[in-house]
Amino acid sequence: MAAGAAAVKTGPLAGLKVIEMAGLGPVPLAGLMLSEMGAEVLRIERSGSDQPLLPLSDEYNLDRHGRSILRVDLKQSQGIELVLDLVERADLLVEGFRPGVMERLGLGPDAALARNKALIYGRMTGFGQDGPLAGRAGHDITYLAYSGVLHAIGREESRPVPPLNLIADNGGGAMMLIAGVLAALFERSRSGKGQVVDAAMVEGASMLTAPIHAFMAAGLWSDRRGANLLDSGAPFYDTYETADGRHVAVGCLEPRFFAEFARLLPLGEHFVRGQYDKALWPDMRATFADRFRLKTRDDWAGLFEGTDACVAPVLSLAEARNHPHNRARHAFVKTGTFERPAPAPRFSASQPALAAMPDDDDQRPQNVLARFGFSADEITALVKSGLIGQ
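Residues numbered from 1 in each chain as written. Predicted model: local features only at pLDDT ≥ 70, side-chain atom pairs only at ≥ 80, totals over all residues. Heavy atoms only, no water.

Draft legend 1. Focus on the side chain of Lys9. By the secondary structure assignment, Lys9 is in the loop between β1 (2-3) and β2 (17-21). Of the buried charged residues, Lys9 lacks a salt bridge, with Glu40 as the closest side chain of opposite charge at 5.2 Å. Engagement of the side chain of Lys9 in a polar contact is seen with the side chain of Ser35, the distance being 3.1 Å. Reaching out from Lys9, the side chain makes a polar contact with the backbone oxygen of Ala39 at a distance of 2.7 Å. (Helix = DSSP H or I, 4+ residues; strand = E, 2+ residues; numbered from the N terminus. Buried < 20%, exposed > 50% of the residue type's maximum accessible area, 1.4 Å probe, protein only. Lys, Arg positive; Asp, Glu negative; His and termini not counted. Salt bridge = Lys/Arg side-chain N within 4 Å of Asp/Glu carboxyl O. Polar contact = N/O pair within 3.5 Å; in protein donor to acceptor, adjacent residues only side chain to side chain.)

See below:
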């Protein structure tokens, strides 16, 4: 069920108050997830600012779903003071500006923690708060390039391929920020003290490759793309074109799964016995490619359905919404006419609410400030001051 920010929160973080400084990239995704886990998230937007980069309507703008929205004039000292007053009432602040921006505004960690010693201050940057590259601009592909991840993705003798913005922005960014602030909240439950979480996308992306570094150290992984077990180097961990120009994904790494795959494709017994004999891999790959071109993607999906051969149809993003398993799990949900992935992960003891686009109550300063404990007189004075947008 979709819920605006004003609805009663029922997730595991219900009661947690979060200030999200408006921006792009991983911080808004973290804010969305925290909201759907039950936190009360207040998004601070600068007065007069426009939606950057992609002009999305509120219906599709997940950067604003599930939040209360407060537009504040941060060019005035009174606007900064208002944010610090909100900080006093919050558990967590998250921001994704370049190092020094929040300090120049007067909203850096020292100022915030002076007002609220129990505050968790989550900072998300590309390169971290210090170091030679700290002040540099970048995007997901930039951080993947510096972390070595981009070099590892793609086919042998071909260019590196950017994996959307899933690794540095979302995995190494938003997920690491969430993990960091939740860990700091747990520590606060024992010490009563807040702290600063410095999450850098280049380091988060690197951390996701820790097992690969272990494989390299053990001599089990080459520092060349397309030459290893999980990067299309192995013919039994790759994609293949089908008769209708679509694709299937093959991932039968273990011998027992490969044997099942070989029985159904079918494959000669010498391939089964020599699955990990790299001398056989070129012939094996050619055989796979020839066989898969004989049937359509969905024919192959039907043949392998219900088996442990680890073969799957490569679905488009739109197709994935209607796959029977995803429908059975309600893995995609609607808010208005917008269909999107359901909140994740799931909890047995509490029900997260799907974040909806902000309604009038979510954006009316009187309601937003009241939920953060401001009195009627304080709210009236702030509205009259012009510091906050309507």
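Draft legend 2. Fine view of helix α2 (residues 77-88). Helix length check: α2, at 12 residues, gives a terminal C-alpha distance of 17 Å against a target of 16 Å (1.5 Å per residue), a fit within 8%. Where α2 is concerned, the buried positions are Gly79, Ile80, Leu82, Val83, Leu84, Leu86 and Val87. (Expected span 1.5 Å × (residues − 1).)

Draft legend 3. Broad picture of a nonpolar patch on the surface. Judged by side-chain polarity, Phe215, Leu220, Leu230 and Tyr237 come together as a nonpolar surface patch covering roughly 370 Å² of accessible area. Tracing the sequence through the fold places Leu230 in the loop between α9 (210-217) and β8 (237-241). Leu230 sits in the partly exposed class, given a relative accessible area of 38%. (Patch = residues over 30% accessible without salt bridge, like charges linked within 9 Å, V, L, I, M, F, W, Y side chains within 5 Å. Areas by Shrake-Rupley, 256 points an atom, 1.4 Å probe, with all protein chains shown as cover.)

Draft legend 4. Representation of the pairing of strand β4 (residues 67-72) in the model. Among the 6 residues that make up β4, 5 are buried, leaving the element largely enclosed by the rest of the structure. In this structure, strand β3 (residues 40-46) lies alongside β4, joined through 6 bridges in parallel fashion. Bridge pairing in β4 links Val41 to Arg67. (Pairing = 2+ DSSP bridges.)

Draft legend 5. Quick peek at the nonpolar core. Core analysis: the biggest nonpolar cluster contains 33 residues, and Val18, Leu34, Ala39, Leu92, Ile120, Leu144 and Leu177 have the highest contact counts within it. Listing elements by their share of this core, those giving two or more residues are α1 (26-36), β5 (92-95), β6 (120-125), α5 (140-147), α6 (149-152), α7 (166-191), β7 (195-200) and α8 (201-208). When residues of this core are assigned to their parent elements, the largest contribution, 8 residues, is made by α7. Other than its neighbours up to four places away in sequence, Leu34 contacts Leu13, Val18, Ala39, Val41 and Leu92. By size, the runner-up hydrophobic cluster in this structure holds 32 residues, among which are Leu107, Phe372, Ile379 and Leu387. (Core = buried A, V, L, I, M, F, W, Y, C linked by side-chain atoms within 4.5 Å. Contact = heavy atoms within 4.5 Å.)

Draft legend 6. The sheet that holds β2, seen in detail. Read across the open sheet, the 6 strands follow the order β4-β3-β2-β5-β6-β7; overall the sheet is parallel. In the strand order of this sheet, the two ends are held by β4 and β7, each with one partner. Along the sheet, successive strands turn relative to each other by an average axial angle of 20°, direction set aside. Against the sheet, α1 engages β2, β3, β4, β5 and β6, with an angle of about 160° to β2. α7 rests against β5, β6 and β7 of the sheet, and its axis sits at about 160° to β6. (Axes fitted to C-alpha atoms, helices over the stretch in contact; angles between N-to-C directions.)

Draft legend 7. Spotlight on unusual backbone geometry. In this structure, Pro266 follows Leu265 across a cis peptide bond, with omega equal to -5°. At the junction of Ala344 and Pro345, the peptide bond is cis and its omega measures out at -5° in the coordinates. Within the fold, Pro345 resides in the loop between β12 (338-341) and β13 (354-355). Positive phi outside glycine occurs at Ser232, with the angle close to 85°.

Draft legend 8. Up close: the sheet that holds β8. Spatially, 3 strands are ordered β8-β9-β10 in an open sheet, and the strand pairing comes out antiparallel. Each having just a single partner strand, β8 and β10 (311-313) make up the two edges of the open sheet. Between one strand axis and the next, the sheet turns by 25° as a mean value, whatever way the strands run. Across 3 bridges, strand β9 (residues 247-251) lies against β10 in antiparallel orientation.

Draft legend 9. Expanded view of the pairing of β8. In β8, alternate side chains face the same way, and those of Asp238 and Tyr240 are buried while those of Tyr237, Thr239 and Glu241 on the opposite face are not. Relative to β9, β8 runs antiparallel, the two being bridged by 5 bridges. Directly across from Tyr240, in β9, lies its bridge partner Val248. Linking two consecutive strands that pair antiparallel, namely β8 and β9, is a turn of 5 residues; a positive phi of about 80° is found at Gly245 within it.

Draft legend 10. Spatial organisation of the packing of aromatic side chains. Under the counting rule described, the total for this entry stands at 15 aromatic pairs. Consider the rings of Phe292 and Trp300, whose centres lie 5.0 Å apart with planes at 70°: the pair is edge-to-face. Side by side, Phe292 and Trp300 carry an identical accessibility label, which is buried. Through a chain of ring-to-ring contacts, the aromatic side chains of Phe236, Tyr240, Phe258, Phe261, Tyr276, Trp281, Phe288, Phe292, Trp300 and Phe304 assemble into a single cluster. The positively charged end of Arg89 is found above the aromatic ring belonging to Phe374, 4.0 Å away from the centroid. The ring of Trp300 has Lys295 lying over it, and the distance from NZ or CZ to the ring centre is 5.7 Å. (Phe/Tyr/Trp six-rings, centres within 6.5 Å; stacked < 30°, edge-to-face > 60°. Lys NZ or Arg CZ within 6 Å of the ring centre and 35° of its normal.)

These figures come from the coordinates and say nothing about function on their own.
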